[in-house]
Structure formats: C-alpha cells, structure tokens
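# Commentary on secondary and tertiary structure
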Amino acid sequence: MNLAIARYAWLFCGLILLLTVAPVDAQQSAPAERPPVGDASAVVAATTSMEVLDSSRRLGAGDRLSYRVVEERRQPVGLTVADSGEVEVPLIGRVQASGRTCKELAHSIRPLLEKEYFYKATVIVGLDAVSSKARGRIYLSGQVHQQGPIEIPPDERFTLSKAILKAGGLADFANRRKIKLVRKTANGTAQTTIIDLDAITVRGELDKDPELLPDDTIIVPEKFVNF
C-alpha cells in the first residue's frame, strides 16, 4: 500500500515539473520578432546596389523613408518628405523627392555627395511608410463626363486611364486616340504628349498608360464626325 502511494506521488511530482519547465522551453524556442511590414530600414541596411531600388512608385508629401550611403558603413537614417516635396539629406541639405521614385531620388543625391564628400557614393533609399495625404491634383477637361480636378490617391499608381474612369468615362464624341497629357517641366514650360487610350484599354499595352503627377492636365478632344 505504501509502495503504491509512493509511486503515485512520484508521478504527480513529475507532472508538476513538466508543466513548470514546458513554458520556458517554448519561450526559448519562439522565433525572433520580425520587423513590421513596410519598415524598409532592415532592407536598406542589407542593400548594396542602387539598381535594385524601387522604380515604380512615386513619392509624395508625408512619406517616410530610410536612407544610407553604403560607403559610410552606418545604419540607415529616417527621412520624411515635407509638404514642399523635399527631404533633408545629411551633408547636402534639401533635395526634391516628391514625384520621384526611390531609385530616381537616390540617383539625384549621388552626384551631390560625390561633388564634395565621396569619391564614390552608393545611395540606398527605401520607403518605410506611405502618407495618407493626397499627392496633389490632376485636372480633366474636354469630352469626359465629369470635368475638373481629381485628387491623386496616396496608395496606388494613378494613371491616365484610371483618372478617366474616375471622371465617369469618356463622353460619346470623345476622340479616344488623341488624348492630350499636358505636364509642366522643371524649367516651367509645358510638355504635351498624345495618348492613344485604345492602345491601353483595347490592346492591353499598359506600358503606354502614363502615371500622373501633381498638376498634370488631361484634355480629351472632340472627335470629328463626317456625315
């Protein structure tokens, strides 16, 4: 009888010990915490080539970036695109960022650094967080159902075809093959590009669907009909 009691007591103590140790083992084997989604700092720290930087999404006011120069051998620093569209870059000061991709921004910074501070500068820029602010406005006129300004969404690649859809589509007598995109250049002049909407929406040539920038103007002319 005493032997049976001793055996049950031994099993009970072993069970208590197992329950006490198990959480510690689970805690030790838990995977390391991953950096939050959208945090580019770790990616920027590991990147050594400018050619792999993002070349599709354009930056806007309020976006937060990670920045480093490989040759400095330092951790990335944070930059924020100001309402003016500029970022304050260490050593060189303000640089225009709004309307540029991370790759374009890095390539614009490099010669400024190499002018005074580096023999060779490998500039790495990544997008940490997208601003919730609208990225400015574009303007539609002519043969569309809703003329006027449209705000550029902060979280998507906003193209000419998307803008026309957002304006309710083309009117009945719109000339789909000669839509004008008017854009101000850096020197203040206006550059006009003719867009064939059928190439985009009918033939699926998406590379001909330009991404819009703040203050772009889309003019849809009337189609001439011969009776």
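Residues numbered from 1 in each chain as written. Predicted model: local features only at pLDDT ≥ 70, side-chain atom pairs only at ≥ 80, totals over all residues. Heavy atoms only, no water.

## Observations concerning unusual backbone geometry
Within the chain, Arg73 stands out as a residue other than glycine whose phi angle is a positive 55°. Residue placement: Arg73 occurs in the loop between strand S1 (64-69) and strand S2 (77-80). Positive phi values are uncommon outside glycine, yet Leu91 reaches one of about 80°. Look at Leu91 and you get partly exposed, because its relative accessible area is 47%. (Helix = DSSP H or I, 4+ residues; strand = E, 2+ residues; numbered from the N terminus. Buried < 20%, exposed > 50% of the residue type's maximum accessible area, 1.4 Å probe, protein only.)

## Looking at the nonpolar core
Ranked by internal contacts, the top residues of the largest apolar core, which has 25 residues, are Tyr67, Val87, Leu105 and Val123. If you list the elements that add at least two residues to this core, you get S1, strand S3 (86-89), helix H3 (102-116) and strand S5 (123-129). The element contributing the most residues to this core is H3, with five residues. Excluding residues that lie within four positions of it along the chain, Tyr67 makes contacts with Val44, Pro76, Val77, Leu79, Val89, Pro90, Ile109, Leu113, Val123, Ile124 and Val125. The next biggest cluster of nonpolar side chains, apart from the first, holds 20 residues, and it includes Val144, Leu160, Ile164 and Leu170. (Core = buried A, V, L, I, M, F, W, Y, C linked by side-chain atoms within 4.5 Å. Contact = heavy atoms within 4.5 Å.)

## Things to note about the pattern of salt bridges
In the structure shown here, the tally under the stated rule is 14 salt bridges. A salt bridge links Arg57 to Asp63; its shortest N-O distance comes to 3.4 Å. For the pair shown, Arg57 and Asp63 are each scored as buried. Measuring nitrogen to oxygen at the nearest pair gives 3.9 Å for the salt bridge that ties Arg94 to Glu86. With relative accessibility at 64%, the residue Arg94 sits in the exposed group. It is possible to trace a salt-bridge network through shared partners that takes in Arg177, Asp196, Arg203, Glu205 and Lys208. (Salt bridge = Lys/Arg side-chain N within 4 Å of Asp/Glu carboxyl O.)

Just distances and angles here, no functional claims.
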